[in-house]
Amino acid sequence: MMKIEYLDRFPLFNTHQTAERDAYTLCIILSIGLTVFTPFLSLVTPLPTLGWVVIIGLIYGVTALVIGRVAIGVYVSLIVSMMFAANIPLSSRGYLMSMTRDIGPSIWFAHIPLFILLFVLFVRDKEQFLQVHKSELFLGIFVGWVILASVVTQPTRLDTALYFALFVFWGGLVFAAVRRVHQMLPVSPRTTMILVSISVLANSVFALTEIFHGDSYGLTNLGELSPEYTDQIAEITFGSITLPVGTFVSGFSGMSFILASIIILVLPFVLSSLLGGSLRIQIIGAASALILILVLRFTASDAARGGALLAIGVFSTLTLIMLIKENVSTNRRTLAIFLTIMILCTGIVLFPSTMSGTPSEQLPQQGSQSTEEQTAQKESTESSSAVEPSDISIPMFDLSNLGPRLQQYTTGISLFIEQPIFGIGGANFADTSQKYGLTDGLPIHNIYLSLLTETGFVGFVLYMSFLATILWQGMQKVVITTDTIPLQIAVLAGVLGYLGFMFWDHLLFNSIVGSFTFYTICATLVNGDQ
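Residues numbered from 1 in each chain as written. Predicted model: local features only at pLDDT ≥ 70, side-chain atom pairs only at ≥ 80, totals over all residues. Heavy atoms only, no water.

(A) Local environment of the packing of helix 11 (residues 256–272) against helix 13 (residues 302–325). The contact between helix 11 and helix 13 brings their axes to 10 Å, and the two run at 20°. Considering the angle they form, helix 11 stands roughly parallel to helix 13. Every pair of crossing elements has a handedness; the one defined by helix 11 and helix 13 is right-handed. Together, Ala-260, Ile-264, Leu-267, Pro-268, Leu-271 and Ser-272 of helix 11 and Ala-304, Gly-307, Ala-308, Ala-311, Ile-312 and Phe-315 of helix 13 make up the contact between the two elements. When its residues are assigned to classes, the contact of helix 11 with helix 13 shows ten nonpolar, two polar and no charged. (Axes fitted to C-alpha atoms, helices over the stretch in contact; angles between N-to-C directions. Helix = DSSP H or I, 4+ residues; strand = E, 2+ residues; numbered from the N terminus. Parallel < 35°, antiparallel > 145°, perpendicular 65-115°, else oblique. Left-handed = near helix turned anticlockwise from the far one by under 90°. Contact = heavy atoms within 4.5 Å. Nonpolar A, V, L, I, M, F, W, Y, C, P; charged D, E, K, R; others polar.)

Okay, structure coming up:
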């Protein structure tokens, strides 16, 4: 402990800046190093990507050491590294591919600074470190329940269920670490939001180059989606310019939908910078918001577009209420900038692509029927097995995947009725559902139904209690703590937008980038009054 404190208090080079400003500097250095220099140098030199990651990491580490910001430097490296879906696999590729996305035996890029940070915090103050928040208690009991339920019910894949519990446990460690950082280090929740926003923006800027490139660069060691798995789903035309929309717009998050999810989390906070500060801050905020929303539009996720609209709507509504309630005066320049960017962001989200207006597709009814029952039903009806489009469509949105999603939901409900207490096992829907005619092998695209189906009613209540605790504390601080209202409104809007997106997706429970970022933001929401 003495050694760590010594390095923090007596730097070899004094920047004469606050700890938070040094944190911003370190974040920019590492973000640029990993999203600009590492990709470029790995493409133009014979040294492999991981070699440049090590070099950039050493330069960053030495910088943090020289300016005497060791603990803060570790924390910043956690924030930046959690944006990269880079891992060291601990099993064969075939075994990992048999599980859902990031679930399975792997050491992820963010694990290294996470473990170091937890050790540093524990050494600094053991008593404060061991204080458990009630939200952490709910999440810990949930992990224990998943393990217990898996042992009791013996799911289709016990290994997958146990690795799912481990996956949620990692997220819980991130939540615990960030919450303790706000209490034990000179880092405020607002600083954490700025650090996360810088990291997401760096990923988004790289994603912009992917849009113009028309595909990924194949930097899979950094977490970029491999070209063999990328798809161009649609195109967007603006005048004489036509650009592709697809899953390759991922940055280093592993997939475009994941990048879209973390953009939703920080978008309201970036927009909040338009309401205060100097003109320079407002310009930076406006440019950042436009970059984020442009990238989100090209990620090919209409569910994410809906989540972004929800986040923008919640943020605008709560901000308006705050301005009226607190009788806050806003100058014309600030109001003009804010309204202009909000209108532009909404317009960009709603801008149509070549797939906009596509109706949903009606699939054959399968539900919880066995294969034999499905065959008998097909023979007794005149309906064919071909996919038939329904009449459901929404202008500017693509509903072509609505049919398969609804089919997942009906099957999930049937499985929940069969196993209402313990569920079918964490992350087991992809395997279990194949016995009921769903051959795509995909997880349920709805985390709430996923909780019910896979962890049972008890697991659902435990995890929803965790979320309810987070949201309730966030809303309480919006009402009670006047000086943090803008921060709390922005963070709360981002979390609600993300949870809205998760009504149509599953990334919270199988994406290391999406999960770690979400728990970081949740810890910020809990600690927003500090």
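What follows continues from the structure just given.
(B) View of the nonpolar core. Of all hydrophobic cores here, the largest spans 142 residues; its most connected members are Val-76, Leu-271, Tyr-463, Leu-499, Leu-508, Phe-518 and Tyr-519. Here the element with the most residues in this core is helix 11; it accounts for 13 residues. Among the nonpolar cores identified, the runner-up in size contains eight residues, and Ile-424, Phe-429, Tyr-436 and Ile-444 belong to it. (Core = buried A, V, L, I, M, F, W, Y, C linked by side-chain atoms within 4.5 Å. Buried < 20%, exposed > 50% of the residue type's maximum accessible area, 1.4 Å probe, protein only.)

(C) Looking closely at the pattern of salt bridges. Going through the model one piece at a time under the given rule, you end up with five salt bridges. The partner of Arg-69 in a salt bridge is Asp-22, and the shortest N-O contact between them spans 2.9 Å. One end of the pair, Arg-69, is in the loop between helix 3 (49–66) and helix 4 (70–81); the other, Asp-22, is in helix 2 (residues 19–44), and 47 residues separate them in sequence. For Arg-69, a relative accessible area of 17% puts it in the buried group. Taken together, the salt bridges that share partners define one network made up of Glu-136, Arg-179 and Arg-180. (Salt bridge = Lys/Arg side-chain N within 4 Å of Asp/Glu carboxyl O.)

(D) Fine view of the packing of aromatic side chains. All chains considered together, the criterion is met by 21 aromatic pairs. On the basis of an interplanar angle of 75° and a centroid distance of 5.8 Å, the ring pair of Phe-84 and Phe-109 is categorised as edge-to-face. Remark: Phe-109 occurs in the loop between strand 2 (106–108) and helix 6 (111–124) and Phe-84 occurs in the loop between helix 4 and strand 1 (87–89); sequence separation between them is 25 residues. By relative accessible area, which is 2% here, Phe-84 ends up buried. Owing to a relative accessible area of 22%, Phe-109 belongs among the partly exposed residues under this scheme. Seen in terms of ring centroids, Phe-503 and Trp-504 are 5.2 Å apart; in terms of plane orientation they differ by 75°. Their pairing is edge-to-face. Overall, Trp-504 belongs to the partly exposed group, its relative accessible area being 35%. An aromatic cluster of at least three residues, connected via ring pairs, comprises Phe-142, Phe-164, Phe-175, Tyr-463, Phe-466, Tyr-498, Phe-509, Phe-518 and Tyr-519. Taking the ring centre of Phe-129 as reference, the NZ or CZ of Arg-180 above it sits at 5.4 Å. (Phe/Tyr/Trp six-rings, centres within 6.5 Å; stacked < 30°, edge-to-face > 60°. Lys NZ or Arg CZ within 6 Å of the ring centre and 35° of its normal.)

(E) Just the packing of helix 10 (residues 189–213) against helix 11, in detail. Close contact between helix 10 and helix 11 brings their axes to 9 Å; oriented N to C, the two are set at 130°. It follows that helix 10 is oblique to helix 11 by the angle criterion. As helix 10 packs across helix 11, the resulting crossing turns out to be left-handed. Note on element contacts: helix 11 touches helix 10 through Leu-259, Ile-262, Ile-263, Leu-265, Val-266, Phe-269 and Val-270, opposite Arg-190, Met-193, Ile-194, Val-196, Ser-197, Val-200, Asn-203, Ser-204 and Ala-207. Here the contact of helix 10 with helix 11 is built from residues that sort into twelve nonpolar, three polar and one charged.

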